[in-house]
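Listed below, chain by chain, are the residues.
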Amino acid sequence: MKSMIKYLSVIIITVNIVYSQTISIGLGSGINMIQGNNFYTEDFGRIGLYTQKNGTQTNFAGLGLKNEYDLSINAKIGFSSLPVIFIAQLHYLPMRGNQSVEMWDFLATHSHYENVKTINDIWSYGFGLRYNAEFNNLYPFCSASFLINNWNNAILQFDYQEHLSTWAQYKNGIRYGYNISMGLGYNISDLFEIEIEGSYSLLNEYNRRDGEVKMNTVNTQFKTYYTILP
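Remember, it's a predicted structure, so these values are computed and weren't measured experimentally.

Student: I tried to follow the side chain of S124 on my own but got confused; where do I start?
Tutor: One can find S124 in strand β8 (residues 122-132). Exposure remark for S124: the relative accessible area of 4% places this residue in the buried category. A polar contact of 2.5 Å, which involves the side chain of S124, links it to the side chain of N149.

Student: Help me understand the nonpolar core in this model?
Tutor: The biggest cluster of nonpolar side chains holds 14 residues, and the ones touching the most others in it are Y40, L65, M95, I122, L203 and M215. Every residue in contact with L203, bar those within four places of it in the chain, is listed here: L93, M95, I122, L147, N149, W151, R175, Y176, G177, M215 and T217. Listed in part, the 7 residues of the second largest apolar core include F60, M103, V116 and F158.

Student: Looking at this structure, I do not really get the packing of aromatic side chains. What am I missing?
Tutor: Two descriptors summarise a pair of aromatic rings, namely the distance from one centre to the other and the angle between the planes of the rings. This structure, assessed with the given rule, holds 10 aromatic pairs. Through a chain of ring-to-ring contacts, three or more aromatic side chains come together here, namely F39, Y40, W151 and Y170. A cation over an aromatic ring shows up here: K76 above the ring of Y225, its NZ or CZ 4.1 Å from the ring centre.

Student: What exactly am I supposed to notice about the sheet that holds β8 here?
Tutor: In sheet architecture, strand pairing relies on hydrogen bonds along the backbone and comes in two forms, parallel and antiparallel. Reading around the circumference, β1-β4-β5-β8-β9-β12-β13-β14 is the order of the 8 strands in this closed barrel, with antiparallel pairing throughout. When strand polarity is set aside, the average angle formed by the axes of neighbouring strands in this sheet is 25°. Relative to strand β9 (residues 138-151), β8 runs antiparallel, the two being bridged by 11 bridges. Bridge pairing in β9 places R130 opposite S143.

Student: Would you mind showing me how to read the pattern of salt bridges here?
Tutor: Once their charged atoms are close, side chains differing in charge can pair, the charge on each being opposite to the other. Here the structure, examined in full by the defined rule, presents 8 salt bridges. The partner of E193 in a salt bridge is K76, and the shortest N-O contact between them spans 3.0 Å. Here E193, found in strand β13 (residues 192-206), pairs with K76, found in strand β4 (residues 68-79); they are 117 residues apart in sequence, far enough to count as distant. Take K76: its relative accessible area is 5%, and that puts it in the buried class.

Student: Can you walk me through the side chain of N74 in this structure?
Tutor: Summarising the element assignment, N74 is placed in strand β4. Residue N74 is classed as buried on the basis of its relative accessible area of 3%. A polar contact of 2.7 Å, which involves the side chain of N74, links it to the side chain of Q89. If we skip the residues at most four places from it in the chain, N74 touches S24, I25, G26, L27, G28, A88, Q89, K223 and Y225.

Student: How do you make sense of unusual backbone geometry when you look at a structure like this?
Tutor: Among all residues save glycine, negative phi is the norm, and among peptide bonds the norm is trans. Of note, N54 is a non-glycine position whose phi angle comes to about 55°, a positive value. Tracing the backbone shows N54 in the loop between β2 (50-53) and β3 (56-58). Of note in the backbone geometry, N136 takes a positive phi value of approximately 55° without being a glycine. Structurally, the position occupied by N136 is in the loop between β8 and β9.

Parameters and conventions
Residues numbered from 1 in each chain as written. Predicted model: local features only at pLDDT ≥ 70, side-chain atom pairs only at ≥ 80, totals over all residues. Heavy atoms only, no water. Helix = DSSP H or I, 4+ residues; strand = E, 2+ residues; numbered from the N terminus. Buried < 20%, exposed > 50% of the residue type's maximum accessible area, 1.4 Å probe, protein only. Polar contact = N/O pair within 3.5 Å; in protein donor to acceptor, adjacent residues only side chain to side chain. Core = buried A, V, L, I, M, F, W, Y, C linked by side-chain atoms within 4.5 Å. Contact = heavy atoms within 4.5 Å. Phe/Tyr/Trp six-rings, centres within 6.5 Å; stacked < 30°, edge-to-face > 60°. Lys NZ or Arg CZ within 6 Å of the ring centre and 35° of its normal. Pairing = 2+ DSSP bridges. Axes fitted to C-alpha atoms, helices over the stretch in contact; angles between N-to-C directions. Salt bridge = Lys/Arg side-chain N within 4 Å of Asp/Glu carboxyl O.

In structure tokens, the structure reads:
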């Protein structure tokens, strides 16, 4: 009996050493910047019917999307026996454009200008690996992630006769891409960390429509982490 207990104790200790892990969760916020002069960033242009814009039919020449603040929920899982850290992220990218557009009023039979807002938000799920280089409490890091992006439908909003009108442009859906990032972190204590991170993402490398423009973004975020399993 004693030998059995001793044997089980050795197994438990060995498993704990090999597979001991740390789990941290955190929040991030920063700025998302769409790269390139393309359909996503170009001016709305004149309202009309564009049959082959971004691989579909639309009423405007561009969405006029600008840089916006974004939010993320993050997790890190580290194993003592592995040199890399597993990372996961839920990233909300609120994309907005806002311009004054000349529109035709069929009731008054003349044109007028309306302030039009475009909405094309993305919920991005990232899964990947990170490598940290430790220097006392500082740790530079680099990471790479695979992205699953739930791309919301493109929507136009404007006031029409004192009522908010929502005008669906076209349907999007799931897109796949990747993210690479670099940053610098600091261990405030055994439980709390802060990080500044810069990243590049290609959000629709796969599963996009024929003729759909690639969306490349550069993102900077400030993140805080709390270790729930030291």
